[in-house]
Amino acid sequence: MEKFVQLVVDGLSTGSVYAALALAIVLVHSATGLINFAQGGLAVLAAYVAWVLTNQGLPVGLAIVAAILVSFVLGAVVERYLIRRFERGDPDTAVVVTIGLLTLVTGVAGWIWGYNNQQFPSLFPLDTVSLLGVSVSIRSLGTTAVIVVAMVLLQVLFVRTKIGLALRAVAINPQSAAFSGLPVGRLLMVGWGLAAALGAVAGTLVAPQLTLTPGMLDNALVYALAAVILGGLTSPVGVVVAAWIIGVLENLAAVYVGFIGFDLKVAVPFILIFVVLLVRPQGLFGRKTVVRV
Amino acid sequence: MTLLELEGVTAAYGPVQVLEDVSLTVPDGGAVGILGANGAGKTTTLRAISGTVRAGGRIVFDGRDVRGLRPDQVAALGIAHVPEGRGTLGDLTVRENLRVGAYLRKDAKGVERDIDYCLDLFPNLQARIRSNASALSGGEQQMLAVGRAIMSKPRLMLLDEASLGLAPSTAKTVYDAIRRLRVESGIAMLVVEQNANLAFTLVDTAAVLETGRTVLTGTSAELKGMDEIRRAYLGG
Amino acid sequence: MARVLDTPTPSTPPPPARSLRQTPWVRWGAPLLLVAALAVLPLVGTESFNDTLARIGVFAVAVLGLNVVMGYTGQVSLGQIFFLGLGAYVTAYGVQQGWNVVLVFVLACLLPAVAGLLVALAAARLGGLAIAMVTIALPIVGVPLAKRLSEFTGGSQGLSARFTDAPEGSGLYDDQFQLYLVLGIGGVVFLLTACLVRGKYGRAFAIVKDNENVASSMGISPYRYKVLAFTIASLIGGVSGFLYMVVVQYTSPETMSFGHSIELLVAMVIGGAGSIAGSLLGGVFYVVVPDLTNAVDPSLTSLLQGALLLLVLFLLPGGLVSLPRALARRLRRSPAGRGSAAPPTPPSSTPGSATAAERPQTERQGHA
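Residues numbered from 1 in each chain as written. Chains lettered and ligands numbered in written order. Predicted model: local features only at pLDDT ≥ 70, side-chain atom pairs only at ≥ 80, totals over all residues.

For this particular structure, what's the right way to read the overall build of chain C?
A count of helical and extended segments in chain C gives 18 helices and 2 strands. Among the 368 residues that make up chain C, the fraction classed as buried is 48%. Within chain C, contacts between residues separated by at least 24 positions form 78% of all contacts whose residues are at least 6 apart in sequence. (Helix = DSSP H or I, 4+ residues; strand = E, 2+ residues; numbered from the N terminus. Buried ≥ 20, exposed ≤ 12 C-beta atoms within 10 Å, placed from the backbone. Contact = placed C-beta atoms within 7 Å.)

This is the structure we're talking about:
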């Protein structure tokens, strides 16, 4: 039982990381209509930035905040100078652009910091606490908590603030939004910046566990994409729930399903996808024709 | 005093020349109609003004050439474009749509007051204030589109086919409200309208376009008196 | 119908080239000359040259397969390397078991094709970019799977199989024989694919790529043609896996790694999407560029590939294969442009650079 609870909590923690990346992907998709395969790559870059700063003696928390800010700017710059040219064009080309960006970003990280694993200090102590009679790791609880808070803040931003309203308006109909004086281009930059910042939260929180390498989030990206498919591109809530389900299921499958084990657990979300596809082609929560038509 | 002046305006979609030579003026507080057959360039003229289509010639608003500005920059100068097809933001509520219209304003109190004004002008919207815009009827969406334009406190409103797809009685309700708005707010209007009878209830003067050129301008009374105008646009 | 095929890949040569190509002796002579050159080439090249050439052939075939599904049918696939890996494993296993080489070849084609069919049946249901989002899992799942199934795959150690030594009495060196095999099999695959994409199916692919709604209204099921294209791409991937074993004679989970999968896509776009010749250039790029960067600094490979891909997308969206045409167009335009500065349409006489900078913005909104 204790093992089961710990597995579920750990699963929620990694699921939260996938959820943050998946939400970032949904955010970018709603703003600019494309799937950003470089979302994980940008998050890795953020983790390296934080790592460099901690090596300079900055406390981990501050380094992470700085990395989030840097990521926001980087995301905005990428939208303006790289992506804008391909927006509303052929979506397949735009996707290839993001793959090029992924390759470039990975290459930059590898070139500057090498391909060896680096130890990244954890924001949380590595102890366990007793929860309902079973001990669970503080790191897992903390990671989940931070990401949940980040998502709630994002939700508040979108629903309660003027800029959030403007971001939603631009995502729905950029031309019509411009007629009310909304600076569409700048808002798209903000959308990408927010997505990159959210990715940075995920990247810096998961880095201690995965250890830092340029390809650190390749797998997480795959999980996040699976969550996006399962949850439906139009449903942020669905995506988060799907990510948690994936995180928990893969953890349980790794331990309790002999053939899968730890090395093959990455297959779990895709087994799930194939099952769901046969039953509900529009995703678990999404509307019909969720994915670009 | 002239608020908007178009002189020799040209525009093209790719290789297709749509506007050849459009000239018209809108006085401050005035209402001007644009008449013409389908494809004469009425909508494109409005799009050229609001910066959605690149244009040549001269488009001077309040003493300033607005050509080459982005749509949001044009809007910031005080030109509100109510596009053909309404352009309401479907996944936002009625209130949110109105607040988007007020994006450039800083006076929170004034914004609330103007939302109330819109709801008074279009009582149908009052009941739907929390509904998503996509759930509204065509007439309500048109009202919302005009309301959103009001919220930006424009000096000039570009109205494109506000009666399109509406039942005659609904179209009349919309135009009645717009006429009231014109009287109460003094917003100048440039109106594209298929239904010329309806247009003449609102505008003082009109320009007639043919294949991208202004061929005739005159007051409503003058134009209504012309045989060819009656035959072409007023149904006999 | 024929026009539809022309739209996605502007394969019409510039006027001067056309007149040359229409000359009968060039039409028939050039291919013959090419075949003759390819027949002689292995005999005159050095061993390392032949080896490089053979590897180019292997990956040109893999890129060609990717082109069928992505370049011609417009479905982004990030999993092509998986089918190369699968084909290589099937070949290695079959050879180790001592099966007949022809049977091994057939299996190396069929098994990846069946695997591709199964993946496509599910993934193509989602439509759009979901195929990219699902196929990205193939290499990511494939590598640990290959490690796990060690009784067939040799686990992390991998499998080696030597079955392509030059036959006794042929008078050929091994590298020459292997290159002949690659040229022969690869040549046939290229020929068949060229026929495929120029024929009835190719037109259907092009229509699906262009507009799925139009395809449906013409009675072309986008789903069925996407599945078909993906299956063919997987089959061709299997062939490239067989050829990989012919040349490299060793495979491991690393063969189908995520990084290689991305590199294959990069090579395809840089070579030229939706182009047979572009696939060849893609093969050259895949093999030669890492060789070059490894000589300078191995850690630069990924960076350079990413930068090159973005550069090509910005400057030469048709890939390297469109370079001659792009240059010709530029050469033709520049003297004319200098003579009369006025653009052909008067409305663009808006104040110069500022408007030019805003243009993407305006266009973007115009399409919204």
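Which parts of the structure should I look at to understand the overall build of chain A?
If you tally the helices and strands in chain A, you get 11 helices and 2 strands. Beginning at the N terminus, the succession of helices and strands in chain A can be written as α-α-α-α-β-β-α-α-α-α-α-α-α. In terms of overall size, chain A behaves like a compact globule, its C-alpha atoms giving a radius of gyration of 19 Å where 293 residues would be expected to give roughly 19 Å. Each principal axis of the C-alpha atoms in chain A carries an extent, and together these give about 60 × 50 × 35 Å. Counting the 293 residues in chain A, one finds 58% classified as buried. Considering only contacts in chain A between residues 6 or more positions apart, those separated by 24 or more positions represent 73%. (Rg over C-alpha atoms; globule rule 2.2 N^0.38 Å.)

Please explain the nonpolar core as it appears in this structure.
Most often, soluble globular proteins have nonpolar side chains that are buried together. Residues and elements named next belong to chain A. With 294 residues, the main nonpolar core has Leu21, Ala22, Ala224 and Ala227 as its most contacted residues. Examining the composition of this core, we find that 17 residues originate from one element, helix α8 (residues 184-210), more than from any other. Apart from residues lying up to four places away in sequence, Ala227 is in contact with Tyr18, Ala19, Ala22, Val239, Ala242, Ala243 and Ile246. (Core = buried A, V, L, I, M, F, W, Y, C linked by C-beta atoms within 7 Å.)

Even after reading the chapter, I still don't get the UniProt feature "transmembrane region" (unreviewed entry) in chain C, so can you show me in this structure?
Residues and elements named next belong to chain C. Taking the numbering used here, the UniProt-annotated feature "transmembrane region" (unreviewed entry) corresponds to residues 25-45, 52-72, 102-123, 129-146, 179-199, 227-250, 262-288 and 300-323. For residues 52-72, helix accounts for 100% and strand for 0%, while the C-alpha atoms at its two ends are 27 Å apart. For residues 102-123, the end-to-end C-alpha separation is 32 Å, with 100% helix and 0% strand making up the annotated structure. (UniProt positions renumbered as here; feature names shortened; annotations may be inferred.)

Is there a simple way to think about α8 of chain A in this case?
Turn by turn, an α-helix covers 3.6 residues, leaving residues three or four places apart pointing in a common direction. An ideal rise of 1.5 Å per residue puts 39 Å on 27 residues; α8 of chain A measures up with 38 Å between its terminal C-alpha atoms. Within α8 of chain A, 23 of the 27 residues are buried, which leaves it mostly tucked inside the rest of the structure. (Expected span 1.5 Å × (residues − 1).)

Teacher, can you tell me more about the pairing of strand β2 (residues 16-27) of chain B here?
Where a strand is regular, its side chains alternate between the two sheet faces. Residue and element names in this part refer to chain B. For strand β1 (residues 2-13) and β2, the ladder comprises 8 bridges, and the chain directions are antiparallel. Among the inter-strand pairings, Thr2 is bridged to a residue of β2, identified as Pro27. Between β1 and the antiparallel strand that follows it, β2, lie 2 residues; Gly14 among them carries a positive phi value of about 60 degrees. (Pairing = 2+ DSSP bridges.)

What is the right way to look at unusual backbone geometry in this model?
What is expected of a backbone is that most residues other than glycine have negative phi and most peptide bonds are trans. Of note, the phi angle at Thr211 of chain A is positive, near 60 degrees, even though the residue is not glycine. Among the structural elements, Thr211 of chain A can be located in the loop between α8 and α9 (218-231). Unlike most non-glycine residues, Asp62 of chain B shows phi in positive territory, near 55 degrees. Here Asp62 of chain B is to be found in the loop between β4 (55-61) and β5 (64-65).

Looking at this structure, I do not really get the interface of chain A and chain C. What am I missing?
Interfaces are often described in size by the accessible area the parts lose on coming together. With 47 residues of chain A at the contact, the number on the chain C side is 42 residues. Ranked by residue count, the leading element in the side of chain A that touches chain C is helix α4 (residues 91-113) of chain A, at 16 residues. Considering only residue class, the side of chain A that touches chain C consists of 28 nonpolar, 11 polar and 8 charged. (Nonpolar A, V, L, I, M, F, W, Y, C, P; charged D, E, K, R; others polar.)

What is the right way to read the packing of helix α4 (residues 47-72) of chain C against helix α14 (residues 258-271) of chain C from this model?
The geometry of a pair of packed helices is captured by two quantities: the angle between their axes and the separation between those axes. Residue and element names in this part refer to chain C. Taken N-terminus to C-terminus, the directions of α4 and α14 make an angle of 75 degrees; their axes are 9 Å apart at the nearest point. Considering the angle they form, α4 stands roughly perpendicular to α14. For the pair α4 and α14, the contacting residues are Phe59, Ala62, Val63, Leu66, Asn67, Met70 and Gly71 in the first and Leu264, Leu265, Ala267, Met268 and Gly271 in the second. When the residues that make up the contact of α4 with α14 are grouped by side-chain class, the tally is 9 nonpolar, 3 polar and no charged. (Axes fitted to C-alpha atoms, helices over the stretch in contact; angles between N-to-C directions. Parallel < 35°, antiparallel > 145°, perpendicular 65-115°, else oblique.)

Mind showing me how you'd approach the pairing of strand β2 (residues 134-137) of chain A here?
Residue and element names in this part refer to chain A. Sheet analysis places strand β1 (residues 128-131) next to β2, joined by 4 bridges and oriented antiparallel. Paired with Leu131 across the bridge in β2 is Val134. Connecting the antiparallel pair β1 and β2 is a turn made up of 2 residues, with Leu132 showing a positive phi of about 55 degrees.

I tried to follow the UniProt feature "transmembrane region" (unreviewed entry) in chain A on my own but got confused; where do I start?
Using the residue numbers shown here, the UniProt feature "transmembrane region" (unreviewed entry) corresponds to residues 6-27, 34-54, 60-82, 94-116, 136-158, 190-208, 220-247 and 253-279 of chain A. Its end C-alpha atoms 28 Å apart, residues 190-208 of chain A is made of 100% helix and 0% strand.

When you look at helix α8 (residues 137-148) of chain C in this model, what are you seeing that I'm missing?
Here α8 of chain C contains 12 residues, and its C-alpha end-to-end distance of 16 Å stays within 8% of the 16 Å for a straight helix at 1.5 Å per residue. Taken as a whole, α8 of chain C has its buried residues at Ala137, Leu138, Pro139, Ile140, Val141, Gly142, Val143 and Ala146 of chain C.

Help me understand the confidence of the model for chain C in this model?
Any region with low pLDDT has predicted coordinates that should not be read closely. Residues and elements named next belong to chain C. Confidence in the prediction of chain C, expressed as mean pLDDT, is 83, and 83% of residues score 70 or more. Low pLDDT, under 50, characterises residues 1-17; the predicted model gives this stretch 20 contacts beyond four residues in sequence or across chains. Contacts from residues 336-368, a stretch scored under 50 in pLDDT, to residues over four places away or in other chains number 43 contacts. Confidence metrics for the complex model read pTM 0.85 and ipTM 0.92. (pLDDT = per-residue confidence, 0-100.)

Before we go on, may I ask you to explain the confidence of the model for chain A in this structure?
Residue and element names in this part refer to chain A. Taken residue by residue, chain A gives an average pLDDT of 89. The fraction at 70 or more is 95%. The lowest-confidence element of chain A is helix α11 (residues 268-279), averaging 80 in pLDDT; the highest-confidence one is helix α2 (residues 39-55), averaging 97. Note that pLDDT drops below 50 for residues 288-293; the model gives that stretch 17 contacts with residues more than four away or on any other chain.

It is not clear to me how the environment of Ala326 of chain C should be interpreted in this structure. Could you clarify?
Mapped onto the fold, Ala326 of chain C is located in helix α17 (residues 323-339). As a C-alpha pair, Ala326 of chain C and Glu263 of chain C span 63 residues in sequence and 25 Å in three-dimensional space.

How should I be thinking about the environment of Gly71 of chain C in this particular structure?
Note on placement: Gly71 of chain C falls in helix α4. Along the primary structure Gly71 of chain C and Val35 of chain C are separated by 36 residues, whereas in three dimensions their C-alpha atoms are 26 Å apart.

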